[in-house]
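Descriptive analysis of the structure
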Amino acid sequence: MIEANKLNYIAKERFIINDIDFACNEGEFIVVLGPNGAGKSTFLSILADEIHQKGNKISLKSCEYPKWCKKTLPKHKAKFSQHHNADIPLQVEDVVMMGRYPYFDTIPSDLDKKVIQESMACIDICPLQNRTYNQLSGGEKQRVHLARVLAQLNNEIDNKVLFLDEPLNNLDILHQHKILTLIKEFTTAKNTAIVVLHDLNLAAQYADKILLLEKGKKVIYDTPTKVLTQEILTKVYNFPCTVTTNPINNNPLIIFGQ
C-alpha cells in the first residue's frame, strides 16, 4: 500500500526525519508512537504527500505520488490533521461535505448527501449538523473533521489509505474507543490506516503494527508485543515503566512510574 525508502526531512539545518524506511500492507492498522519532538506528525505528513523534501520517494499502491492524477488521488487517500482552521463560518454538514469535493464540481449529488449523513451517523454528530461549526466544543469539532475524512473515502475503490494525526484529541473515553473501532473496521475491509497516537495502551489494543520514533529516527517497527517492552519504552520515553499483560485481551499493558 505504502512504500518509502530512506525518508529525510530537514528544517533549519536540523533533521526532523532521518533516514526512515517504511512499508505497510492492505488491511493494516499502523500506529506511530514516540515522545514529543520525535517527528511523528512530520513523518505522517511526508507519507501523505503534504510536505516534500528533495530525494524522498513514496509509492502508494506501487505508484509514486507525482505519477498520480491529482483529481483521482483524493479518492484513494485522506488525511486528518491535528490542527484545523479555528474559524470556519459554516454549518457542520457543510464542513463534512468538504470531504465530497473530489466527487462533484458545483452541486453535490443525492449520493454525496447520503454519504455525509452516513459519516455523521458513524461519528454521532447528526444532532449537530445544523449548528455552526464555530460554536462547537473542541471535541465536537474533532468529530466533525473525522466525519469529513470518512466521507471522502466512502466510495467503491479498493484498498484506500487513511492518515490520522492524533484523532483522539479532546475526545472522551467513549468516543476514543468508538473512533478506534471505526478505524479498525475500515482496515478490516482491506484498507489501511496510519495513525499518530500518544496513548500507548490504546495502541497496544488496536494496532497491528507500531512504528516507534525517537528524535526523527526509527527505533523499531513491529507488532505491539515486540515494540511495547519495558526496556524499549523506558529508554525512549526516559521514564520508568512496567509492562504486563492485559487480562482482558492479552495485549501489553503499560504502567508508567515507579
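Notes on the structure follow. No experiment lies behind these values; they were computed from the predicted model shown.

Analysis parameters
Residues numbered from 1 in each chain as written. Predicted model: local features only at pLDDT ≥ 70, side-chain atom pairs only at ≥ 80, totals over all residues. Heavy atoms only, no water. Helix = DSSP H or I, 4+ residues; strand = E, 2+ residues; numbered from the N terminus. Buried < 20%, exposed > 50% of the residue type's maximum accessible area, 1.4 Å probe, protein only. Salt bridge = Lys/Arg side-chain N within 4 Å of Asp/Glu carboxyl O. Axes fitted to C-alpha atoms, helices over the stretch in contact; angles between N-to-C directions. Parallel < 35°, antiparallel > 145°, perpendicular 65-115°, else oblique. Left-handed = near helix turned anticlockwise from the far one by under 90°. Contact = heavy atoms within 4.5 Å. Nonpolar A, V, L, I, M, F, W, Y, C, P; charged D, E, K, R; others polar. Pairing = 2+ DSSP bridges.

Some details on unusual backbone geometry
- Residue asparagine 170 is not a glycine yet carries a positive backbone phi of 70°.
- Here asparagine 170 is to be found in the loop between β7 (161-165) and α5 (173-188).
- Accessibility expressed as a relative area gives 58% for asparagine 170, which makes it exposed.
- Non-glycine residue lysine 190 carries a positive phi angle of around 70°.
- Along the chain, lysine 190 falls in the loop between α5 and β8 (192-196).

Re the pattern of salt bridges
- Under the definition given, this model contains 7 salt bridges.
- Note that lysine 184 and aspartate 208 form a salt bridge whose closest N and O atoms lie 3.1 Å from each other. With lysine 184 in helix α5 and aspartate 208 in the loop between α6 (200-206) and β9 (209-214), this pair connects stretches of sequence that are 24 residues apart.

Digging into the packing of helix α3 (residues 110-122) against helix α4 (residues 138-152)
- Direction vectors running N to C along α3 and α4 enclose 135°, while the axes themselves pass 8 Å from each other. Compared by their axis directions, α3 and α4 come out oblique. For the crossing formed where α3 meets α4, the hand is right-handed. Counting all contacts with α3, which are made through Val115, Ile116, Ser119 and Met120, the residues of α4 involved are Ala147, Leu150 and Ala151.
- Tallied by class, residues from the contact of α3 with α4 come to 6 nonpolar, 1 polar and no charged.

Examining the pairing of strand β1 (residues 2-11)
- One ladder, built from 7 bridges, connects β1 with strand β2 (residues 14-24); its direction is antiparallel. When the sheet's bridge partners are listed, tyrosine 9 is paired in β2 with isoleucine 17.
- Taking the residues between adjacent antiparallel strands as the criterion, β1 and β2 are bridged by 2 residues, where lysine 12 takes a positive phi near 50°.
- Here β1 pairs with strand β4 (residues 58-60) via 3 bridges, running antiparallel. Residue pairing in the sheet places glutamate 3 in a bridge with serine 59 of β4.

As for the pairing of strand β12 (residues 252-256)
- Bridging between strand β11 (residues 241-245) and β12 involves 5 bridges; their strand directions are antiparallel. Among the inter-strand pairings, threonine 242 is bridged to a residue of β12, identified as isoleucine 255.
- The loop that links β11 with its antiparallel partner β12 comprises 6 residues; one of these, asparagine 250, has a positive phi angle of about 65°.

Notes on the sheet that holds β4
- Strands sit in the order β2-β1-β4-β5 across an open sheet of 4 strands; the sheet is antiparallel. Edge positions in the open sheet fall to β2 and β5 (63-64), since each of these has one partner strand only.
- Packing against the sheet, helix α1 (residues 40-47) makes contact with β1, β2 and β4, and its axis sits at approximately 125° to β1.

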